[in-house]
Amino acid sequence: MKYSIRLLVVALVCLSTVALFGQGSTSGTLSGIVTQDGVPLPGVSVTVASPNMQGTRTTVTNDAGGYTFGALPPGEYTVTFELAGLQTVTRRQRVGVAQSATVSAEMRMSGVAESITVTASAPAVAETTEVQSNFTGELIDSLPVGRTVIAVTNMAPGVSAGVNGLAISGGMSFDNLYTVNGAVIQENLRGQPHNLFIEDAIQETTVQTAGVSAEFGNFTGGVVNAITKSGGNEFSGSLRDSATNAAWTDKGKSFFTTTGVETQPTKAASKTNHTYEATLGGRIIRDRLWFFLAGREAETTSLNTFTNQGGTFTRVIEDKRREIKLTGAVTSRHNLIGSYLEAPVIQTPDCQIGCFDSSSLDPTRELPNDFTTLLYNGVLTNNFLVEARYSEKAFAFKGSGGEDPDRATGTPVRLLMPGHATVVNEPYFCGNCTPEDRNNKQYGIKGTYFLGTRALGNHNIVVGVDRWHETRLANNFQTPSGYVMILQALAPTRDANGMALLNIRGGAANNTDYLLNYFIPQVSEGSDLNTDAIYFNDKWTFNNWLFNIGLRYDKNDSADSAGNVIADDSAFSPRLGAAYDVFNNGRLRLNASYGSYVGRLAETIAGAGSAAGNNAWNGWFYRGPDIVNTPSEEAMRQVWAWFDSVGGTATQPVISTSFPGASRQIVGSIKSPSVDEFSVGASTQMGRGFLRADWIYRDWKDFYGESRSMAIGRVTLPTGSQADLSLVTNNNEFERTYNALELQGSYRLLDRLNLGANYTWSELKGNAINETSGSAVVTEITSEYYPEYYNMDWNNPKGFLPGDQTHKVRAWASYDIPTFLGDFTIGAIQRLDSGSPYSAIGTIDIRNSAALPNGVVNPGYVTPPTSVGYFFSERGQYRFEDLWATDLSVNYNTNPAWLRGVSLFAQAGVTNLFNQAARVSGNASTLTHVNCPNAVPTAAQAASGCPVGGLARFNPQAGDVPAEGVHWVKGAVFGQPTSQTTAVSAGSYQLPRTYNFSLGLRF
């Protein structure tokens, strides 16, 4: 009864306090048990001190000998245990961001003299039920690894390359949670983290891949928490100049074009780009008010190539970042932390979706980006802690696209004929229309209560509430003139200056080249996606056991850009874990966990049924005179002259139309995707190191699906025409499962050699991807999507998914060499990434015709599919090559005593020391009758791999079984690389040997 009353009080205080708290922990927890002769010892005074903490904090062990300190800033801590008549014990422990560390002590009777024992406790990674990895700034700085959040995250086990970014524990790349100082730094559509950090300011990063606490939500992948430095009682800082140059990357290997021609790489031009960083931290009032300032400035110049063997253009990206952080102690028990970071980017010029020549370059695009965080934590009693947080992030596109409203000079021309996917005449999108804003906010409160009992052990109880609020205000103007010209028949040529000369097919029979009129039928109100959450988590230590008992409740309350309610659902997410210390000394710990995670609602799915802010269009064929080898502006003048001469939009028949929010709708409420997870593992502490192994299994559900069938029917558009109706819902007929074995460990061999490694074996299988490369979150086609034409057995079979990576290794070592000339540190990393899977997928036309008499007869659709995809191989049957690489760095630091506390440093690094050249991507084209319809193929068709005699049609819906060589063939360069290393891309190969250098000072 006493236990229940205390728990109820904690919950009521948390729910009634008017304060702000958001997920994304920037602190850690330290707890333990004090014993004498194996019996819990109450009344022991426990004090923690750290250079990262203002003052010290002291508590007293309870009846069960337990104690806890919450909301500790990450850093190295000294823990002192004192009780009259007993020897004082001192231990050292590192507390990481979003980590729970344990420091226990066995106290003995005092002798004549007091005995002080200083030892290091086991790392938190080895003691928790959570599967996590922690990387300090010092470790990263000593190794040849990028200092970005993405590069550090990729050092962890269970992390692989996903469709648009990193996939953690098999999750979709859009569904991880990334925070810096507690602010969620992801952009709204693809869920990728923005560069809202300054590398030298990052103190440490924790990556959680399984067993995650109920305090965290809005993810089905993993959780990444990074924190920046906070200053201190002593002044410190740094200056750094990091230099890169495209010419410092080896040429790499040749590659094959889409026509099978081998192309030799060329050495990049020499242009050194500098990134300048500065940090400064210290005190304003000792132990009461600290400050930390950081800045970063980079102007990167790169030589880019126009599409389709065009010339080159120089692009400059200006990236300036500024951070300010204040840490204050109102009293010794109440703290406030505030931080602000801005990172605006200016791109001059910018190319949106492929540029054929300079006419399609956007002169300047601005990307303002910033976040603000506020944190309060207060120790109300020795056992009760309250934390409150507010964070907000703002991002926008400004001046993104063309600005010329003239129909001739301001209409983008999209080139979509074979071998082309590019733009000419005017930049795509509208740069002088309203900017697009993508913002988020998060706030709430949590309380932590430490309850100790002799009978039931110690409980670290957390109860909290938070709200996630995400908005996107966008009116998706495609063009400044309101029109786009689509060319699909004849490829352009170039004049002597490399500018496009267009060839536009006209005449009464033209059905390839046409005009589109884009317009916004309803101005966006801005999306309003909200998730309210309440959570409970109890970390319970009892004898040799550690239990984690958590439950999270998330409720979506969201509206689309037109104000329509599209999500009004809720979900419970249990988080349960247990660990058993077999010998009660850390030599062998066994652990297991079960958890359910619910992701954030995807912006692109939430807006699937909204007309507001989305573009509608009408299309008309161009049927005027053929236009041959004509400059783009003049060609468009001729197009408009003909169009106006025949009455324009008033008289020309509409050939295609689309109206958002009409033919694609959300019925009822959609849910966020979720995943169930099981894990078991073991760990051991080995003197100055640890080793941990975990098996993880995940199974996803509530996928985004889309259905369209005769049973669903048609809809009448605002234009009066009809369209087939699509319904967007959640669907569980798809599958996505993840199996993995994660091994990780580290060891400090001698005092100078630090070793670390992790290994992941994994298998990601199913048929649910829900994202496309370069795009945002998408729906999966269900079995009720044109069911007469599609069949998931051959259109979307189960197999290895794009994020599958069988083996991953990260092994590193750093060795310190002190000399009379200064200190040297040699760092090395060995990397292995298994090859990614790909499949033989072709496009087939199964409509009834004279060539396919058993084809599908249209049962009454307005626009039946003209083609569908077909898997001629098992999903993921083929693999690109494994990537092996050895990276090396040498760091040099002068003796600080030489310059009164100032140390000069130099760093030199080489990536891929032995210049390995694995083919990590390439061509996967498969040809069918759609590509090879002619018995005598054209020269272009023959070059792509079409055989003499062409390829026959078949209908799998009627039971036809395709035969290779008869119905399909692999393309001429199937499995071959199709791009080489350039100044801005590694192409189809792993990055060749690349050098980098840094110089600077620290004090």
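### Remarks on the overall build of the protein chain
At step 1: On a plain count of helices and strands, the protein chain comes out with eight helices and 67 strands.
At step 2: Computed over the C-alpha atoms, the radius of gyration of the protein chain is 31 Å, within 12% of the 30 Å expected from 2.2 N^0.38 for a compact globule of 1003 residues.
At step 3: Reported as C-alpha extents along the three principal axes, the dimensions of the protein chain are approximately 110 × 65 × 50 Å.
At step 4: Across the 1003 residues in the protein chain, those meeting the buried criterion constitute 54%.
At step 5: Considering only contacts within the protein chain whose residues lie at least 6 apart along the sequence, 73% involve residues at least 24 apart.
At step 6: Here the protein chain has roughly 39400 Å² of accessible surface; of this, 57% comes from carbon and sulfur atoms.
At step 7: Computed over 73 positive and 88 negative side-chain charges, the inter-centroid distance for the protein chain is 5 Å.

### Quick look at the sheet that holds strand E52 (residues 726–731)
Within a sheet, each strand pairs with its neighbour through backbone hydrogen bonds, oriented either parallel or antiparallel.
At step 1: In space, the four strands of this open sheet follow the order E46-E52-E49-E55, with mixed pairing throughout. Looking at strand neighbours, the two that pair on one side only are strand E46 (664–666) and strand E55 (780–785), the edges of this open sheet. Sheet twist, expressed as the mean angle between neighbouring strand axes with direction ignored, is 40 degrees.

### Quick look at the packing of aromatic side chains
At step 1: By the definition in use, this model includes 42 aromatic pairs.
At step 2: Between Trp-642 and Phe-643, the aromatic rings sit 6.1 Å apart at their centres with planes inclined by 50 degrees, giving tilted as the arrangement. Each member of the pair Trp-642 and Phe-643 is classed as buried.
At step 3: An aromatic cluster is present here, built from Tyr-483, Trp-620, Tyr-622, Trp-640, Trp-642 and Phe-643 joined pairwise through their rings.
At step 4: Sitting over the ring of Trp-700, Arg-736 keeps its end group 5.5 Å from the ring centre.

### A word on the pattern of salt bridges
At step 1: If you walk through the whole model with that rule in mind, you get 42 salt bridges.
At step 2: Its salt-bridge partner being Glu-199, residue Arg-296 comes within 2.8 Å of it at the nearest N-O pair. Note that Arg-296 is positioned in strand E22 (residues 289–305) and Glu-199 in the loop between strand E15 (183–184) and strand E16 (202–210), a separation of 97 residues in sequence.
At step 3: You can call Arg-296 buried: its relative accessible area is 9%.
At step 4: When the shortest N-O distance is used, the salt bridge between Arg-664 and Glu-706 registers 3.1 Å.

### Some points on the side chain of Glu-677
At step 1: For Glu-677, the position within the fold is in strand E47 (residues 674–686).
At step 2: With relative accessibility at 0%, the residue Glu-677 sits in the buried group.
At step 3: Side chain to side chain, Glu-677 and Tyr-597 meet in a polar contact 2.7 Å long.
At step 4: Separated by 2.8 Å, the side chains of Glu-677 and Arg-698 make a polar contact.
At step 5: When residues no more than four places from it in sequence are discounted, the contact partners of Glu-677 are Thr-209, Ala-210, Gly-211, Ser-593, Tyr-594, Gly-595, Tyr-597, Ile-696, Tyr-697 and Arg-698.

### Regarding the side chain of Ser-672
At step 1: Looking at where Ser-672 falls in the secondary structure, it is placed in the loop between E46 and E47.
At step 2: Given a relative accessible area of 4%, Ser-672 falls into the buried group.
At step 3: Only 3.0 Å separates the side chain of Ser-672 from the side chain of Asn-556, close enough to count as a polar contact.
At step 4: A polar contact of 3.1 Å, which involves the side chain of Ser-672, links it to the backbone oxygen of Gly-599.
At step 5: When sequence neighbours within four positions are dropped, the list of residues in contact with Ser-672 reads Asn-556, Asp-569, Val-598, Gly-599, Arg-600, Leu-601, Asp-702 and Tyr-704.

### A few points about the state of the cysteines
At step 1: Summed over the entire model, instances satisfying the criterion amount to three disulfides.
At step 2: Note on cysteine connectivity: Cys-430 is disulfide-linked to Cys-433, with sulfurs 2.0 Å apart. Between Cys-430 and Cys-433, the S-S dihedral sits near 80 degrees, and the bridge is therefore right-handed.
At step 3: The partner cysteine of Cys-932 in its disulfide is Cys-946, sulfur to sulfur 1.9 Å. Looking down the S-S bond of the Cys-932 and Cys-946 bridge, the torsion is -75 degrees, so its handedness is left-handed. Here the residue Cys-932 occupies a position in the loop between strand E65 (926–927) and helix H8 (939–944), and Cys-946 occupies one in the loop between H8 and strand E66 (969–970), the gap between them amounting to 14 residues. The pair Cys-932 / Cys-946 is uniform in exposure class, with both members buried.
At step 4: Take the cysteines of the protein chain that form disulfides and number them in order along the sequence; they join up as 1-2, 3-4, 5-6.

### A few points about helix H6 (residues 632–645)
An α-helical segment advances 3.6 residues per turn. Residues three or four places apart therefore align on the same side.
At step 1: With 14 residues, H6 ought to run about 20 Å at 1.5 Å a step, and its terminal C-alpha atoms sit 20 Å apart, in line with that.
At step 2: Buried within H6 are the following residues: Ser-632, Ala-635, Met-636, Val-639, Trp-640, Trp-642 and Phe-643. All buried residues of H6 project into a common sector of 160 degrees when viewed along the axis, lining one side.
At step 3: In the segment just after H6, Gly-647 is the residue with positive phi, at about 100 degrees.

### Quick notes on the sheet that holds strand E45 (residues 656–658)
At step 1: Across the sheet, which stays open at both edges, the six strands sit in the order E30-E29-E33-E36-E43-E45 with mixed pairing between neighbours. At either end of the open sheet lies a strand with only one pairing partner, and these are strand E30 (422–424) and E45. For this sheet, the mean angle separating the axes of adjacent strands, direction not counted, is 25 degrees.
At step 2: Bridge count for strand E36 (residues 514–519) against strand E43 (residues 616–621) is six bridges, and the pairing is antiparallel. By the bridge assignment for E43, Asn-517 is matched with Asn-618.
At step 3: This element, H6, spans strand E29 (413–415), E30, strand E33 (483–487), E36 and E43 of the sheet and lies at about 85 degrees to E36.

### Regarding the pairing of E33
At step 1: Of all five residues making up E33, five are buried, and the element is well covered by its neighbours.
At step 2: Alternating positions in E33 separate into two faces, Tyr-483, Met-485 and Leu-487 on one and Val-484 and Ile-486 on the other, with burial throughout.
At step 3: As judged from the three bridges shared by E29 and E33, these two strands associate in the parallel manner. Each residue of the ladder has a partner; that of Leu-415, found in E33, is Leu-487.
At step 4: As defined by bridge partners, E33 adjoins E36 across four bridges and the pair is classed as antiparallel. Its bridge partner lying in E36, Ile-486 is registered against Tyr-514.

### Comments concerning the confidence of the model for the protein chain
At step 1: Per-residue confidence for the protein chain gives a mean pLDDT of 92, with 96% of residues at or over 70.
At step 2: This stretch, residues 1–22, has a pLDDT under 50; its non-local contacts, to residues over four places away or in other chains, come to 46 contacts.

### Details of the nonpolar core
At step 1: By size, the foremost hydrophobic cluster in this structure holds 37 residues, and its most contacted members are Phe-216, Phe-219, Ile-566, Leu-601 and Ile-605.
At step 2: Every element with two or more residues in this core is listed here: strand E17 (223–228), strand E40 (565–567), helix H5 (603–606), strand E49 (703–708) and strand E53 (736–749).
At step 3: In contact with Leu-601, other than residues within four places in its own chain, are Glu-470, Leu-529, Ser-558, Ile-566, Ala-567, Ala-606, Ile-670, Lys-671, Ser-672 and Tyr-704.
At step 4: In terms of nonpolar packing, the next biggest core, distinct from the first, is built from 28 residues, Val-152, Ala-183, Leu-196 and Val-224 among them.

### A few points about the pairing of strand E6 (residues 75–82)
At step 1: Across five bridges, the pairing between strand E3 (residues 45–49) and E6 is antiparallel. Along E6, the bridge assignment pairs Val-46 with Phe-81.
At step 2: Relative to strand E7 (residues 89–95), E6 runs antiparallel, the two sharing seven bridges. Counterpart to Val-79 in the pairing with E7 is Arg-91.

Rules used in this analysis
Residues numbered from 1 in each chain as written. Predicted model: local features only at pLDDT ≥ 70, side-chain atom pairs only at ≥ 80, totals over all residues. Heavy atoms only, no water. Helix = DSSP H or I, 4+ residues; strand = E, 2+ residues; numbered from the N terminus. Rg over C-alpha atoms; globule rule 2.2 N^0.38 Å. Buried < 20%, exposed > 50% of the residue type's maximum accessible area, 1.4 Å probe, protein only. Contact = heavy atoms within 4.5 Å. Areas by Shrake-Rupley, 256 points an atom, 1.4 Å probe, with all protein chains shown as cover. Lys, Arg positive; Asp, Glu negative; His and termini not counted. Charge placed at Lys NZ, Arg CZ, Asp CG, Glu CD. Pairing = 2+ DSSP bridges. Axes fitted to C-alpha atoms, helices over the stretch in contact; angles between N-to-C directions. Phe/Tyr/Trp six-rings, centres within 6.5 Å; stacked < 30°, edge-to-face > 60°. Lys NZ or Arg CZ within 6 Å of the ring centre and 35° of its normal. Salt bridge = Lys/Arg side-chain N within 4 Å of Asp/Glu carboxyl O. Polar contact = N/O pair within 3.5 Å; in protein donor to acceptor, adjacent residues only side chain to side chain. Disulfide = S-S within 2.5 Å. Expected span 1.5 Å × (residues − 1). Arc of directions from axis to C-beta. pLDDT = per-residue confidence, 0-100. Core = buried A, V, L, I, M, F, W, Y, C linked by side-chain atoms within 4.5 Å.

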